[in-house]
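As a plain string of letters, each chain reads:
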Amino acid sequence: MLTTLNTSYTDTRAADLAWALGQEPLPALAVLDLELADARLQLRLLGASHQVLLEEAGGRCSETVACIPGSSTPLPLGVSKRLGEYEYEFAARVETLGPGSFAGRAQELLALVADHPNGLAGTFPGSPHAFTAMLAHRHEGQVRWRTWHAYPQEGQLVATRTSVAVRMHTGAR
């Protein structure tokens, strides 16, 4: 699903993105609710990037990547941790592209996500290449999602990958 976000485009920077786990739902400009086998997933586009809410038998997980005022946790390159019954893995990278390459990559990503049943993308008014896009799926017992945050004024594209799996318990025999 592709939507135009009803908010003014502020000149944020990729370096302003912060990462947080466990936050309560923040006000969203667009939402996509998904059922992926036994998992309920909500993809949320915020005025300043994204939030994902996951709920399944193992519990709940909330990931926020956004320009969060007062946040002291910058966007990490990678995280691997246990969250209750979950194994959570996150990775992020920043690509810097020239204007022509940036426009082409932006169009390619928006096309990929716009028509995907598990995809949500929002463009910001004022720049056709300013967007946040999200794509989710389930693979081998894991719920996975990817996101892209575009900053055309800097020529930067922030890409993230997340996977969440319910931990397997092994009992003594």
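Model, not experiment: these values are computed from the prediction. (Residues numbered from 1 in each chain as written. Predicted model: local features only at pLDDT ≥ 70, side-chain atom pairs only at ≥ 80, totals over all residues. Heavy atoms only, no water.)

Undergrad: Tell me about the overall build of the chain, residues and numbers included.
TA: Across its full length, the chain carries 1 helix and 12 strands. N-terminal to C-terminal, the α/β element order of the chain is β-β-β-β-β-β-β-β-α-β-β-β-β. In terms of C-alpha radius of gyration, the chain reaches 16 Å, essentially the compact-globule figure of 16 Å for 173 residues. Structurally, the chain occupies a C-alpha span of about 60 × 35 × 30 Å along its principal axes. For the chain, restricting intrachain contacts to residue pairs at least 6 apart in sequence, the fraction spanning at least 24 positions comes to 56%. On the chain, roughly 8,800 Å² of surface is accessible, and the fraction owed to carbon and sulfur atoms is 51%. (Helix = DSSP H or I, 4+ residues; strand = E, 2+ residues; numbered from the N terminus. Rg over C-alpha atoms; globule rule 2.2 N^0.38 Å. Contact = heavy atoms within 4.5 Å. Areas by Shrake-Rupley, 256 points an atom, 1.4 Å probe, with all protein chains shown as cover.)

Undergrad: If you had to explain helix 1 (residues 99-114) to someone new, which residues and values would you point to?
TA: The end-to-end C-alpha distance of helix 1 is 22 Å, a good match for the 22 Å that 16 residues give at a rise of 1.5 Å each. Where helix 1 is buried, its residues touch strand 1 (2-4), strand 9 (119-123), strand 10 (131-139), strand 11 (142-151) and strand 12 (156-166). (Expected span 1.5 Å × (residues − 1).)

Undergrad: Lay out the environment of Gln107 in plain terms, naming residues and giving numbers.
TA: Relative to the elements of secondary structure, Gln107 occurs in helix 1. You can call Gln107 exposed: its relative accessible area is 53%. Sequence separation between Gln107 and Pro128 is 21 residues; the distance between their C-alpha atoms is 9.1 Å. (Buried < 20%, exposed > 50% of the residue type's maximum accessible area, 1.4 Å probe, protein only.)

Undergrad: An account of the layout of surface pockets is needed here, citing residue identities and associated values.
TA: Its boundaries defined by the atoms lining it, the largest pocket holds a volume of some 360 Å³. Considering the residues around the largest pocket, the lining is formed by 18 residues, among which Leu53, Leu54, Glu55, Arg60 and Cys61 are closest to the centre. At the level of secondary structure, the elements contributing two or more residues to the lining of the largest pocket comprise strand 3 (30-36), strand 4 (39-46), strand 5 (49-56) and strand 6 (59-66). (1 Å grid on protein atoms, 1.4 Å probe; cavity = no way out; pocket = protein on both sides within 12 Å on 5 of 7 lines; lining within 4 Å. Points joined across faces, edges and corners; volume = space filled by probe spheres on them.)

Undergrad: Tell me what's going on with the nonpolar core, and back it up with residues and numbers.
TA: In this structure, Leu41, Leu43, Leu54 and Trp145 are the most contacted members of the largest nonpolar core, which totals 32 residues. Those elements that provide at least two residues to this core are strand 3, strand 4, strand 5, strand 6, strand 8 (86-96), strand 10, strand 11 and strand 12. Excluding residues that lie within four positions of it along the chain, Leu41 makes contacts with Leu32, Asp33, Leu34, Leu36, Val52, Leu53, Leu54, Ala136, Val143 and Trp145. Leu110, Ala121, Leu135 and Ala150 belong to the second-largest nonpolar core, a separate cluster that totals 13 residues. (Core = buried A, V, L, I, M, F, W, Y, C linked by side-chain atoms within 4.5 Å.)

Undergrad: Give a detailed account of the packing of aromatic side chains, specifying residues and quantitative values.
TA: Tallied over the full model, the rule gives 2 aromatic pairs. Ring geometry for Trp19 against Tyr88: centres 6.4 Å apart, planes inclined by 40°, an arrangement best described as tilted. Taken together, the residues Trp19 in strand 2 (residues 18-21) and Tyr88 in strand 8 connect sequence positions 69 residues apart. This pair shows no difference in class: Trp19 is buried, exactly as Tyr88 is. Ring plane angle 35° and centroid distance 5.9 Å describe the contact between Trp19 and Phe90, whose orientation is recorded as tilted. Here Phe90 lies in strand 8 and Trp19 lies in strand 2, a separation of 71 residues in the sequence. The class for Trp19 is buried, based on a relative accessible area of 11%. Through a chain of ring-to-ring contacts, three or more aromatic side chains come together here, namely Trp19, Tyr88 and Phe90. (Phe/Tyr/Trp six-rings, centres within 6.5 Å; stacked < 30°, edge-to-face > 60°.)

Remember, this is a structural readout, not a statement about activity or role.
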